[in-house]
Structures are given as C-alpha cells and as structure tokens.
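Chain and residue survey
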Amino acid sequence: MPVTANKAAAHAIDVSWGPDTIRVTNIPPHLPADSTDSHVAEVTVAGQANPSTWLSDAAWDAIARATTRPDALAAQLRATPDESSDLLMVENVEGATLWSAVTRVLLSELFPGPQPRTGMEVSEVADPQAHGVTRDGRPSAIVQYRYENLGHLRDHVWQTIYATLSINSYATSILTRSVTRNLITHPVEIAFEDGTESIHVLVVRDGITRIASAWAVLAGHGADAAEVSTLATDALLGRTSGAGVATGPGLGQRLAASRARWRQAQRQEFDGEMKGAMPGLRAAQIAQTYVVPAQIAVGVEGHEGRVLSPEDVFDDAIRSVLASVHVEFKEWDAAAQNVEVITRALKRIIQQEDPRWDTADLQAVYGLAVGRIPVTELPQVFGGEAVPPGTALWRAVYLVRALSQPDLLELLKDQAKAIKGGKRMSMKGFGGLLGPIIDLPWRAKKKLVTRQARNAWNNGGVLSADVTQDWVPVPTEDFTTLIAPAMNGDDDARRTLAVAGGVALIADKLLTRSVGSSLEARKEKGGVPFRSDVHKVIEGLSKPTNELGLWTLALAANTFRSDDLPQNSVPRQSLTGRESAESDDPPYIYFKADLDAEDHIAVDADGVPVPLYEWDVVAASDPDRAAKAVAATVVMPLPVPSAPNEGIESRDRAQSAQNEPLADESDGAPDAADSEPPLFRYGTVDAGAGTVGGASFPGPRDEDAPVPPSQRAAAHRKALRLGVQGARDALDHLHALEPEVGDHTPIVPVDQLDELHNLLVGILTDVENLRRSIVENHAPEEDNPESEEFPETLLD
C-alpha cells in the first residue's frame, strides 16, 4: 500500500517516499485561497501610510498577492501613534536599519534570487545586473534585476533550482513537517534589456535550498533535478513566455493569472484527495509545500554618517544579513566568501569618503567588480586621454590597477581583516580575494581550469612588488608595441604587460601554483624547471632587462580569448578517432617566444610553431636559474627501464607522493594540488529544437535565444536510457557539453552513471549471448563451441 492512515491523528499520515515510509504531520484540511483585489488594496493603503515602508503600488501588489494572510500583514504595516513600526521586525545591520514583515507566502509566488553561493560558481547562464531603487534620493526596500529578455529570466530560474538541488535537498524533511524557518525575501522589479515590460515579484535571498526542496517534494520522489527545475519554472513563468491567455493588460498581470490558474489546479487536486477515506500521498505533497514562512523586507533607512550611495544601501543591508549567516555560521565556499569580503570591504571604504579618492570613481570600480558595469562600457567609464578597448582582459587590467594602489590596497586589507575577523593578511591572501572577481567574464567558458587559476591567485597572482605600486595602464590593441617602451624605462607600459600577460597565463592554466611533483613531471604534463611562487614568476617576466619574459607576456596577452580554452591547457583529443568539426575561427594556441625569430615565435625543425608550456613560462622568468636546474637534472643518473616507458609512470607516482607541497603563506586553507584535466571528446551541438534517441529538448523561445547546455543535457541523459540506437549520439552530446555546463554539478550524476553502467553491461551480455547462439547454430559440427560464460573482457 502506498499510503496508510493513522486513525489516532486526523492530520497525520504515513506515506511511501521511495524505499522509506515517512510520517507526514500537520496536514491542513483545506488550502488557503488567493488574495482578492480588496486584500491588495488594504495592504497597499497600510504600507503607503507607514513612513518607514515606502514601496511602489506594483511592489505592494506583488507582496499582497504572495501572502496568505493579507489581513495580518496589513495589521503589521499600520502605524501607531507612538511608533510607525511597532509590529514590524527591526534589524540594525552595518550602515542601515531594515524593517520586515513576518507572514506566510505562497511557494508559487517566490522567485529564487542570486546570491554569492550561486553567483560565484561557474554557470552558463549569467546572473542579472542588480540596481538599487531610490525615492527622492532615499533608499527603498526594493532592487531592480535587469535580464536580457524573458528567456534569460526563465533560464536563470531553471539553473538556480537545478544547481541548488545538485548540491543539497531537504525534500524528506519538508515532506515530514513542511518548511519551518523563515525565508529572507524582498520585492524586486524585473526589467528586460530588450524592451519587454517590467514585472514585480517577490524574491528569495536566503532559503533557496528550502524552496528548491519544496519543489522537489511537489515533483515526487522519482523526479530528478532537471524535472524539478522545469516544474518550478513552468509554474512561476508559465509554459510559454507570454504565460498563456492574455487575461490582463500587462505582462505582470498575465503571469500572475497564470500562477493563479496553476494554484487552482493544485487546490482541486488536493480537495479531491482529501474527500477520500484517507488522504493520499499527493495531498501530503501539496499540503506541505503550498505555503512557506517568510520575512519580507519592506523598509530601509541608511544610518547617519554613511556615504554609501542611496541605490546601494538596501542591497548592502540584505547582503550583510546573508553574510552574518553564511560567512560566520553556515559558510559559503571560499570563492563566494572572498567576493563577499572584497566587495563589502570596498563599500566600507566608499562610506568613509576619504579625500584621497573620488567617491564616484570608487563606485565605478565597485560596479565593474560586481558586473554591474558591463565590459563593453569600459571605454566610457575608465577612458581618459587614452581609451582602453572594451574587452574582458582590459577589465582585469583596470581592476587590478585600481584595487592594488598602495594606499587603497592597505585599506582594503584592513577592512577585509575586520570582516573576516583575522589579524593579518598577506599579499597571497589578498590575491585570493581578487581571483573570483577577475575571472567573472570568462568563468563559465574556462570552468575546466578555474580551480587551478584561483589557486594561482591564492599564491599571489599578478600582485608582484612592482605591480602594487602607483601606475597607469597604457591602452593598446597590440601588446607587443609596449615591449620597447618597457625596456627603455616606461614602468607604466611594463606593468601593463605584467598584469595583462599574467592574467592571461593564469586564466588559461599556463601559470599555476607549482607543487613538488611538478619538478619531476614532463614539460607536456605541467612540469616546471624550478619551484617559484606565481607572483615571483610575474616579477621575473616583467623585469626591464628580460626581453624574453616581456615577449612571453605580450604574446600571451595578444593570444588571450575570454570565450574559449586554448589547446595548451586542455588538449582536445578524440576518444573515437573521429575528427572534430572544422571551425572558422583560427586555433586558440599560445606559442613559445623566440628572440631570434623574425616574428618572435619559436618554430620546430619543420617550421611548425612550438606550443607554449608552463615550463617555458617559468623558465623565461629566470633563464639562468632554469639553465642550472636543467643541467643538474641531466647529470643525475636515472634507472634505465627494461622496455620503453616501462616503470616511468610508477616512478612518477612514487616521486609525486614523496614531494609534498610547501606550506602556503596565504591566510586561507591550502588548495589541492593542480591536476591534469580529463580528456573530453568535443563535437558540435545544434542549439535549436530537436530529438536525440526519441527524447526531445526545447528549441528557441520567442526571443530566439539558445537553450542553455544544462537543459539540453537533461534531454540527452534521458536519451541514454531509451535505447542503444540513441545512446551513442547522446553520449557524444554530453562529452561536447561538459566543458560548458556549470561547475555546480556533474553533467551526469554518479548514481545515474552507475545505473547506466549496469544497464549497458546487461545489454552487452544479451548481445554476446545472441551472437554466440547464432555462431553455434551456423558452426560446423566438428567445431568445439566456446564456453557459455561471459568473457571477462566485457566485464572489466
């Protein structure tokens, strides 16, 4: 029996949830009805009359329609003669006071919002740009999120739910007793860059795992993360971009009507289950997820003496609340914490209104760091007499220069120490803070080497003693033009080369935090001639007397692409022997510098350019030391294997185990040693609608935007299970998509791979048995049949 009733408790039942039996408690006899127009008006009047809670009518409408107790919400909002916020929750955070209403809200009215945990991960769908909203120069408790179009919004909601469930799920707990802890929410205006009409919704800033888990309960035990994400996205935004029938004059009304129709269907299903002799599992799923507790921020006031821009006050206050939980109590990962620390430290300095820096300039640096100012606007915002190109690499150059100026750097370190509660911060520790900010534009495209790049920043990055001086970038379209000035005493040109070339080498895993085993590895496997910190290598490459090092930096900066990975860092080798599709773009390869060549690019005996390896980069930073290291290696006798390559791999592994990494001087915990990436098979993927092995994946929406890789991959995973014919194509697609899928989850979960492996072994067994029976039936009588046992080679 899937469901059994507990007669002793009218509102508690036992249900089957996968292999387990779950006791479901506190099931209500009926579900709350939606708020009416009169309820909305009551809440709006009370909110508008309270001087601490200014919001627009559209925001109050979104809040009122989300709550199941509009009367209680209106009572909290009504000001009393003595105090305007007697019943509201008051929080004094750094730089501001927040007023929040505590109520219960509908799950289907809550949108997942961006937060550092998700924003700093490698994701294929970018977070929206966040902008504060003000009234008469004062902050308001609302944020504007700017998406490219409706497709971008749908994809972002889908990705957030999917990524969250790939990390954790509270589904069993929520089915047992629903969501019990308040979600932190606030109203948001969602605007679209393509001119689509904006909408107002309620967004969750803390508690995304809880709402994602609630959707997982509603979807059922057998639903995977992709199915749950699709269910949530369709419920929140309708199955189409227009949300079905145009029942209202605007997009917001049509979407609200679509969600209301979805809830009506849920109530009808619940009421049908409750009319039976005993409630069913479906009634339990709906009852435990229909509403959730929440505190809704409705008012904010900046403290006196703070000079933070009014549009930043509210979002900074919300982030302070989140940081108090996820930095001090339930930690985010290191990258998310680093971004939170450095951006909050910069905001603290902005508030100090130090006369040494222009506040507007610091606001521009902050906007560039968090992605509020896009890369394409770099020439307009940071262009002086010489205008920089609007590229991701030049964004990195200007950010490093701005944040590492001597006086500002020390202030940032002091504020970061205060936020983290530490007593010291080395330059390596500060480099770790910069890493996740610098890689923002290319994080998704270079996700296979993101960990190694951030390790390199934790080892000092490009922050050599020379770069952390006062200097001005020298914009150029060709970095090789800076070599001659750099060698003739132009420190600005030389430091520009150091940062631009260094960032490129770090981002593409051609300069990493070397470990002991790197000394024994071959050049092609990431070996280096000698151990050195990353910032020391940058310092050596950028010396005015090191022409080879300057050419290495210049060629690297010219080669860098923000939308791909070079063949040097991730060799694209075919697993089947088939050639990949030809591309119109030239190959993305870094070449070794050669001062004797006319174009300064080294070639082999056949005239083919020589690829650049980390060995070459490190050697170019100190050619004399590299020559001594190579000479010492040559004279050391090595045991001669009895056969070619015999014993080499085992010797390398033994030496790697004996060579432990040196202690990192940074404040954070040392990261794992860099490792070689797995081999991937690449191919081309059609972004349009199609089928693979009988499974369909969605095509372009009204905006004709490409479908994100994770959504296509979900369909391809299903195709693997449908049959042998579609399995090969689906596997090819998964190999091609793996470099693009976000770092939040493997492209195929391990449990599904185990299930697939068992299925494939069973198919192989049946195929082999069929083959043997056919061979035996057609074999001559004198032939001795083979054993009926399954061959071991197929079981390996």
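The shown structure was predicted, so the numbers you read here are calculated from the model rather than taken from an experiment.

**Side note on the overall build of the protein chain**
Helix and strand counts for the protein chain stand at 29 helices and 13 strands. A burial count over the protein chain gives 52% of its 796 residues as buried. Across the protein chain, contacts joining residues at least 24 apart in sequence account for 72% of those joining residues at least 6 apart.

**Comments concerning the pattern of salt bridges**
Overall, the coordinates contain 22 salt bridges when judged by the stated rule. The closest approach of N and O atoms between Asp315 and Arg205, which form a salt bridge, is 3.1 Å. Highlighted residues: Asp315 in helix α11 (residues 310-326) and Arg205 in strand β10 (residues 199-206), separated in sequence by 110 residues. An identical accessibility class is assigned to Asp315 and Arg205; each is buried. One connected set of salt bridges, linked through shared partners, spans Asp34, Glu109, Arg259, Arg263 and Arg267.

**A closer look at unusual backbone geometry**
Unlike most non-glycine residues, Ser178 shows phi in positive territory, near 65°. Relative to the helices and strands, Ser178 resides in the loop between α6 (171-177) and β9 (183-192). Here His600, not a glycine, exhibits a phi torsion of approximately 65°, which is positive. Within the fold, His600 resides in the loop between α22 (547-559) and α23 (614-621). Judged by relative accessible area, which is 16%, His600 ranks as buried.

**A word on the confidence of the model for the protein chain**
Overall, the predicted model of the protein chain reaches an average pLDDT of 78, with 76% of residues at or above 70. Across residues 634-703 the pLDDT falls below 50, and counting only partners more than four positions away or on other chains, this stretch makes 134 contacts in the model. Under a pLDDT of 50 for its full length, residues 780-796 has, in the predicted model, 17 contacts with residues more than four places off or in other chains.

**Some details on the packing of helix α7 (residues 208-219) against helix α10 (residues 281-289)**
Two numbers describe how α7 lies on α10: the axes approach to 8 Å, and their chain directions differ by 160°. In terms of axis orientation, α7 runs roughly antiparallel to α10. Crossing of α7 over α10 shows left-handed handedness. Residues Ala214, Val217, Leu218 and Ala219 of α7 form the contact with α10, whose participating residues are Arg282, Gln285, Ile286 and Thr289. Each residue belonging to the contact of α7 with α10 can be placed in one class, and the counts come to 5 nonpolar, 2 polar and 1 charged.

**Quick notes on the packing of aromatic side chains**
Enumeration over the complete set of coordinates arrives at 7 aromatic pairs. Their ring planes at 20° and their centres at 4.8 Å tell us that Trp158 and Tyr162 sit as a pair that is stacked. Pair noted here: Trp158 and Tyr162 are both in helix α5 (residues 150-167), with a separation of 4 residues, about one helical turn. Take Trp158 and Tyr162: they sit in the same class, and that class is buried. Relative to Tyr398, the ring of Phe382 lies with its centre 6.0 Å away and its plane at 55°, an arrangement referred to as tilted. Here Phe382, found in helix α14 (residues 378-382), pairs with Tyr398, found in helix α15 (residues 392-403); they are 16 residues apart in sequence, far enough to count as distant. Here the two residues Phe382 and Tyr398 agree in accessibility, since each one is buried. Feature note: the residues Phe382, Trp394, Tyr398 and Phe479 constitute an aromatic cluster, connected by ring pairs.

**Some points on the side chain of Thr209**
Assignment of secondary structure puts Thr209 in helix α7. In contact with Thr209, other than residues within four places in its own chain, are Thr164, Asn168 and Tyr170.

**A word on helix α13 (residues 359-370)**
Compared with the 16 Å implied by 1.5 Å per residue over 12 residues, the 17 Å span of α13 between its first and last C-alpha is a close match. Along α13, the residues that are buried comprise Leu362, Gln363, Ala364, Val365, Tyr366, Gly367, Leu368 and Ala369. Positive backbone phi, at 90°, marks Gly371, one or two positions downstream of α13.

**Side note on the environment of Asp492**
Within the secondary structure, Asp492 is located in helix α20 (residues 491-507). Residues Asp492 and Val467, 25 residues apart in the sequence, show an inter-C-alpha distance of 9.5 Å. Ignoring anything within four residues of it in the chain, the contact list for Asp492 reads Trp471, Val472 and Val474. Of the polar contacts made by the side chain of Asp492, one reaches the backbone nitrogen of Val472; its length is 3.2 Å.

**Points about the pairing of strand β11 (residues 291-302)**
Where burial is concerned, most of β11 is hidden: 10 out of the 12 residues are buried. In terms of strand pairing, strand β5 (residues 96-106) meets β11 through 11 bridges, oriented antiparallel. When the bridges of β11 are listed, Val102 appears paired with Gln295. Bridge count between β9 and β11: 3 bridges; the pairing is parallel. Residue pairing for β11: Leu183 is matched across the bridge by Ala294.

**Some points on the pairing of strand β2 (residues 13-17)**
Regular strands show a simple pattern: their side chains alternate between the two faces of the sheet. Buried residues dominate β2, accounting for 4 of its 5 residues. Judged from the 5 bridges that link them, β2 and strand β3 (residues 20-24) form a sheet pairing that is antiparallel. Counted as the bridge partner of Asp14 is Arg23 from β3. Where β2 folds back on β3, the antiparallel hairpin that results is connected by 2 residues, among which Gly18 adopts a positive phi of roughly 65°.

**Points about the packing of α15 against helix α17 (residues 427-438)**
Closest axis-to-axis distance for the α15/α17 pair is 11 Å, and the angle between their directions is 150°. As summarised for this structure, α15 and α17 are arranged roughly antiparallel, according to the angle between their axes. As for how α15 packs across α17, the hand of that crossing is right-handed. Here Arg395, Ala396, Leu399, Val400 and Leu403 of α15 come into contact with α17, specifically with Phe430, Leu434, Ile437 and Ile438. Within the contact of α15 with α17, the residues separate by chemical class into 8 nonpolar, no polar and 1 charged.

**Considerations on the nonpolar core**
One broad trend across soluble globular proteins is that nonpolar side chains are buried collectively. One finds Leu153 and Trp215 to be the most contacted residues of the largest nonpolar core, which totals 94 residues. Of the residues forming this core, the biggest block, 8 residues, is contributed by α7. Look past the residues within four positions of Trp215 in its chain and what remains in contact with it is Leu107, Ser108, Val228, Leu231, Ala232, Ala235, Leu236 and Trp262. One finds Ile419, Val534, Ala556 and Val617 within the second-largest nonpolar core, a separate group that totals 86 residues.

**What to know about α7**
Over its 12 residues, α7 extends 16 Å from the first C-alpha to the last, a length consistent with the 16 Å expected when each residue adds 1.5 Å. Across the 12 residues that make up α7, a large majority, 11, are buried. Burial in α7 covers these residues: Ile208, Thr209, Arg210, Ile211, Ala212, Ser213, Ala214, Trp215, Ala216, Val217 and Leu218. Just downstream of α7, Gly220 is the residue with a positive phi angle, here 110°.

**Overview of the environment of Ile211**
Inspection of the secondary structure puts Ile211 in helix α7. By relative accessible area, Ile211 is classed as buried at 2%. Distance in space between the C-alpha atoms of Ile211 and Tyr170 is 9.3 Å, their sequence separation being 41 residues. Beyond its immediate chain neighbours, meaning those up to four positions away, Ile211 contacts Leu107, Leu110, Pro112, Leu183 and Val204.

**Description of the environment of Gly95**
Structurally, Gly95 can be placed in the loop between β4 (89-93) and β5. Overall, Gly95 belongs to the buried group, its relative accessible area being 10%. Gly95 sits 206 residues away from Glu301 along the chain, and the two C-alpha atoms are 8.7 Å apart.

Basis of the calculations
- Residues numbered from 1 in each chain as written.
- Predicted model: local features only at pLDDT ≥ 70, side-chain atom pairs only at ≥ 80, totals over all residues.
- Heavy atoms only, no water.
- Helix = DSSP H or I, 4+ residues; strand = E, 2+ residues; numbered from the N terminus.
- Buried < 20%, exposed > 50% of the residue type's maximum accessible area, 1.4 Å probe, protein only.
- Contact = heavy atoms within 4.5 Å.
- Salt bridge = Lys/Arg side-chain N within 4 Å of Asp/Glu carboxyl O.
- pLDDT = per-residue confidence, 0-100.
- Axes fitted to C-alpha atoms, helices over the stretch in contact; angles between N-to-C directions.
- Parallel < 35°, antiparallel > 145°, perpendicular 65-115°, else oblique.
- Left-handed = near helix turned anticlockwise from the far one by under 90°.
- Nonpolar A, V, L, I, M, F, W, Y, C, P; charged D, E, K, R; others polar.
- Phe/Tyr/Trp six-rings, centres within 6.5 Å; stacked < 30°, edge-to-face > 60°.
- Expected span 1.5 Å × (residues − 1).
- Polar contact = N/O pair within 3.5 Å; in protein donor to acceptor, adjacent residues only side chain to side chain.
- Pairing = 2+ DSSP bridges.
- Core = buried A, V, L, I, M, F, W, Y, C linked by side-chain atoms within 4.5 Å.

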